[in-house]
Amino acid sequence: MKRFFYWFLLKFLTISHRKEIYFYPNSDSFSRFLVPFITLWLYWSCSPVQFNVGKDHHVTNHQPVNAPPSNSENHLLHPAPDFEAPTWYLLKEETYQKKRRIFQTEQESLEKNKTTLHFQVYDAQNRPVHRLQSTDFLIWESDVPINQFDFDSNLQIKTKVVDIVFAVDVTGSMKPTIDSAKQHLIRFIENTRNKGYHTRMCTLTFGDYTVKNCGRFYNNNIFDPTSDAEVKELMNEINSLKAITGPQNPGGQDFNENPMGALIDASKAPWGTQNLRYVILITDDGFLYSPDNQGSIGKKAPYMHQVQEAIQTSNMKIFAITPSLPGYNLPFTVREKGTKVTYPSIVDMSGGKHYDFNDFIAKKISLDQVLSEILVDATTSYQISFFADELRFAHIPLKQRKIRIEPHPKHTALKIVNLAISSNLPSGRAEYKKSWKISDYEVLPNSIKVTVNGIDVTAVTHWRENTIYFSQPPAPGSKIQVTFLYANSRLNFDLLPIFWNLEVTPSDLLLFVNGQTLSRSHYQIVHPEPGTTTLYFNDSLFTDEQYFINQLEKIELKVFLRK
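Since the model is a prediction, treat every value here as computed from it, not as a measurement.

(A) Examining the overall build of the protein chain more closely. Looking only at helices and strands, the protein chain features 9 helices and 30 strands. Expressed as a percentage of the 563 residues in the protein chain, the buried residues total 42%. Sequence-distant contacts, at least 24 apart, represent 76% of the contacts inside the protein chain between residues at least 6 apart. Split by element, the accessible area of the protein chain, about 31,800 Å² in all, is 52% carbon and sulfur.

(B) Highlighting the confidence of the model for the protein chain. Summing up the model confidence of the protein chain, the mean pLDDT is 82 and the portion of residues at 70 or higher is 81%. Segment residues 16–27 is flagged for pLDDT under 50; beyond a separation of four residues in sequence, or across chains, it makes 10 contacts in the model. Counting interchain partners and residues more than four positions distant, the pLDDT-below-50 stretch residues 46–84 has 38 contacts.

(C) Focus on the sheet that holds strand β1 (residues 88–97). Across the sheet, which stays open at both edges, the 4 strands sit in the order β1-β30-β26-β27 with antiparallel pairing between neighbours. Two strands close off the open sheet at either side, each with one partner strand: β1 and β27 (516–517). Sheet topology note: the strand β26 (residues 509–513)/β27 ladder contains 2 bridges and is antiparallel. Of the residues in β27, the one forming a bridge with F512 is T517.

(D) Representation of the state of the cysteines in the model. Overall, the coordinates contain 1 disulfide when judged by the stated rule. Note on cysteine connectivity: C202 is disulfide-linked to C214, with sulfurs 1.8 Å apart. As the torsion about the S-S bond is roughly -105°, the C202-C214 disulfide counts as left-handed. Highlighted residues: C202 in strand β8 (residues 199–206) and C214 in the loop between β9 (210–212) and β10 (218–220), separated in sequence by 12 residues.

Reading the values: the criteria
Residues numbered from 1 in each chain as written. Predicted model: local features only at pLDDT ≥ 70, side-chain atom pairs only at ≥ 80, totals over all residues. Heavy atoms only, no water. Helix = DSSP H or I, 4+ residues; strand = E, 2+ residues; numbered from the N terminus. Buried < 20%, exposed > 50% of the residue type's maximum accessible area, 1.4 Å probe, protein only. Contact = heavy atoms within 4.5 Å. Areas by Shrake-Rupley, 256 points an atom, 1.4 Å probe, with all protein chains shown as cover. pLDDT = per-residue confidence, 0-100. Pairing = 2+ DSSP bridges. Disulfide = S-S within 2.5 Å.

Spelled out as structure tokens, the structure:
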């Protein structure tokens, strides 16, 4: 009605003043011009509908029902013609939080390196001293005081029966050594009787094979008169030892002998059930072994695992007078069944001791010393044991450690004698770990936080090649946790593919990430089976700064479907 009224008014005025609508300078003419102009302006401004002057002339102030918000910058939502816009509904809405990744581990608890000191204490008149207490001794390792130790005091010297197998190489090259050793052995038998020690001994000889086995121990006990006859038999047997030369030489055509086979035979000796067991092994050469150095005996050459099993089963200690070679006093590596295997030396396997054969020939050491150390190992007045410092000394081989014990200064006249130091790990314990690789992917170094047993220790660590390094290894059993973010933002979010049991096309979907319309270049839509749809996100989404993924702690995803 209003439109009709204004149209009529405009028509009337323009007709009424048609001849006068000219631009005259007088005021009356000017007013006649303004009247239709003002009327037309009133008509336009008061109209409830505005018209688009263009091709389509569509009314555009109507929005689709339930349409998702459009992005004014990307213009990816194109409104449909008036009253024909589709209805969109929310298919999926999800928030993905940025997750700090966690690496957790625990410092292993290795076997402790228990170190034991056997010794006796004599006064100024060389008489044994008893009834001393733990406070009467001071102990150091590398000048570090050892205050925590176990102390065993005996009112009388412990005396145990000691079984000794004397295993000696009797090939031709050993002639001078055997002649000297026989005298030492006979003197040892006499000395042990005079000092009241109870020993049993037998001999075993070998070359490429065992020439004489240890089938019987001869008893040497001064408190048992019936053992006198056995001692004489033992001395006669020792005196009969000789190196074999000529065609009967058991060394064969190869250079090495078979001391490892002799040890396997010694392990089967008739040891006393409760007796301490020792083997004194003497040879001037290397050894045959399978599979790489079988020599003239072929498959009869033993494998090192057989030697190790024999030592462990018999519980015998080996005091070896041999050249310094892997297998004797150094770790020994051999290929078995196509795999490299490293074995401890025979002295480390058994907890025994090594003496260099050249020092023996040069008389820097004697068989008397070896036999005395066996007795010290078997009989003692005092025993102190402690665990080597886990971080500083436990991994060091025993022969390289600097351990000393002294009587307390208040006992100025006392002296430590027959000191013997042993360890359950004579080669040293494996070192504790100081580094862990926490990821195969690149990590943001400034995102790393490290705790040990819940305490932040980030300041005492450093980072290189996705590996965390500690300035000192964490203590055994420590719980270690490292939290971090990946350099690749995608790895910090569990943004997985989305699956639907309906088949849609890209034009049917609209995606929004952190309020921004998601470009089609950042996702893919596939149909693995008819009637199904899978949506995959591309890595490019995480590098596009438009979506603020690197700045925000979350990804807000909305997926709309066209009906």
